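# Reading the structure
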Amino acid sequence: MEPEKPDPSDCCGSGCSPCVFDIYEQQLKSWRENLLWENANCRRDLLSETRFKSFQLIHKERLTEDVYLYKFRPEDDSGSIRETCGFLPYGIGQHLITRINFKQESQEINPMWDTEFNSSETSSISDKKIITRAYTPVSLTNEEPNCCFKIFVKICNNGLGSEYFRNLQVGDISLWRGPYGNFNYKSNFFKYILMVCIGTGLAPMIPIAKCILNDEKDETILHLMYGVKSEDHIIMRDSLRKMSQFWNFSHEYFFSQCNDRKFHMKFGESFKSKRIDGSSVSDFFQGKNLTHLQVLICGSEGFTSYMLDQISKLGIDSENIFTF
């Protein structure tokens, strides 16, 4: 985003070093240089909002009991996989859509049974046998070589999307288009960002946090509230611990099914044997100016609706809340 130009009144005229106008000129120069680099290296030919493009699965890894990590790489027009320069044109918090084709006419599964369903594009299995699913990349565009991207997938019983990804093997080709989503981040616009999520709702929070922590000039303070069933269901635990080494990132886990077992807490972690609720958020809000605070929410429809209701009662402006 283009830097905001200061008003003449923002300069005190006392010869400060650096002056706000000097800072603006430096930011503007950096922004223009980055814009030129992005335009030259952004591979819009590999990913489109209107057409599905082919990507090959190159890595599949089980993270927890029911969550897997998938890594995809673009397939070129000749149908081969080669070294690919540049990066894919998606931003932090945006999602991609995959198309799934079912070949068996006799398969009788109601698409609405799929608990992963979060896209309006679906067709009857007895009709076109095509469904779509939306997933948020958990990797930044510039951190993966060869224009790759990674996603989390929760494998559920009786889920059409789950059945597809359960059977997807390394080397298989899948179809993707995008990106979509209107999340826009402006460095240092908010003093605090509270990220509230459950399960694979962690997906958009990872790249957002990385983007902020990778920017030495960004002093936004991040706090993550992450809800899962138990300690064994934590996704990307080591990555989150590494983030906690930054002065402006902290996180806490909320366990809905702790079963009175002993926790194996590591340095920088905080465990709570409860679900994320209004009191959890209220505690974080204490002593903070809510006009300088943003809340990001990602989870199931029921969780998102509940958190919106709880947070709205705490007095924060609705414009400072973003749901994925």
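Overview of the structure. Sequence order as written defines the numbering, with residues in each chain counted from 1. At least 70 in pLDDT is required for a residue's local features to be given in this predicted model, at least 80 for side-chain atom pairs to be given and counted, and no such filter applies to totals for whole chains, interfaces and linings, which use all residues. The side-chain numbers reported here are obtained from all heavy atoms of the structure, hydrogens and water having been left aside.

### Thoughts on the packing of aromatic side chains
Pairing of aromatic rings covers Phe, Tyr and Trp, the last through its six-membered ring, and needs centres within 6.5 Å; plane angles under 30 degrees mean stacked, over 60 mean edge-to-face, and all others mean tilted. Using the criterion set out here, one finds 19 aromatic pairs in the structure. Aromatic pair Phe183 and Phe322: ring centres 5.1 Å apart, planes at 70 degrees, arrangement edge-to-face. Residue Phe183 is found in the loop between strand E6 (173-180) and strand E7 (192-198), and its partner Phe322 is found in strand E12 (residues 321-323); the two are separated by 139 residues along the sequence. Using a 1.4 Å probe on the protein chains alone, a residue whose accessible area is under 20% of its type maximum counts as buried, one over 50% counts as exposed, and one in between counts as partly exposed. Judged by its relative accessible area of 6%, Phe183 is buried. Accessibility expressed as a relative area gives 18% for Phe322, which makes it buried. Where Tyr192 meets Phe284, the ring centres are 6.5 Å apart and the plane angle is 90 degrees; that geometry is what we call edge-to-face. With Tyr192 in strand E7 and Phe284 in helix H5 (residues 278-285), this pair connects stretches of sequence that are 92 residues apart. As far as burial versus exposure is concerned, Tyr192 and Phe284 are alike and both buried. Sitting over the face of the ring of Tyr192, Lys288 holds its NZ or CZ atom 5.3 Å from the ring centroid. Geometrically, a charge over a ring is one whose NZ (Lys) or CZ (Arg) sits within 6 Å of the ring centre while staying within 35 degrees of the ring normal. Taking NZ or CZ as reference, Lys288 lies 4.3 Å from the ring centre of Phe284, over its face. Strands here mean DSSP runs of E at least two residues long; helices mean DSSP runs of H or I at least four residues long; both are numbered from the N terminus.

### Digging into the environment of Arg275
Mapping Arg275 onto the fold places it in the loop between strand E10 (271-272) and H5. Measuring from C-alpha to C-alpha, the distance between Arg275 and Tyr253 comes to 9.3 Å, with 22 residues separating the pair along the chain. Residue contacts are defined here by distance: any two heavy atoms, one from each residue, within 4.5 Å place the two residues in contact. If near-sequence neighbours (up to four positions away) are discounted, Arg275 is found in contact with Phe254, Ser256 and Ser280.

### A closer look at the side chain of Glu231
For Glu231, the position within the fold is in the loop between strand E8 (221-228) and helix H4 (237-243). Of the residues examined, Glu231 reaches a relative accessible area of 7% and is grouped as buried. Pairing of N or O atoms within 3.5 Å defines a polar contact, subject to two protein rules: one partner must be a possible hydrogen donor and the other a possible acceptor, and residues neighboring in sequence count only if both atoms are side-chain atoms. Engagement of the side chain of Glu231 in a polar contact is seen with the side chain of Arg237, the distance being 3.0 Å.

### Regarding the pairing of strand E11 (residues 293-298)
With 6 of 6 residues buried, E11 lies mostly within the body of the structure. Because side chains alternate across E11, one face comprises the buried residues Leu293, Val295 and Ile297, and the other comprises Gln294, Leu296 and Cys298, equally buried. Two elements, E7 and E11, share 6 bridges in a ladder whose sense is parallel. Bridge pairing in E11 places Tyr192 opposite Leu293. DSSP-based pairing: two strands are paired if at least 2 bridges between them are found. Across 3 bridges, E11 lies against E12 in parallel orientation. Note on E12: the bridge partner recorded for Leu296 is Phe322. Here a crossover is taken to be right-handed if, once the strands point away from the viewer, the path from the first strand over the helix to the second is traced clockwise. What joins E11 to E12 is helix H6 (residues 301-312), and the crossover it makes is right-handed.

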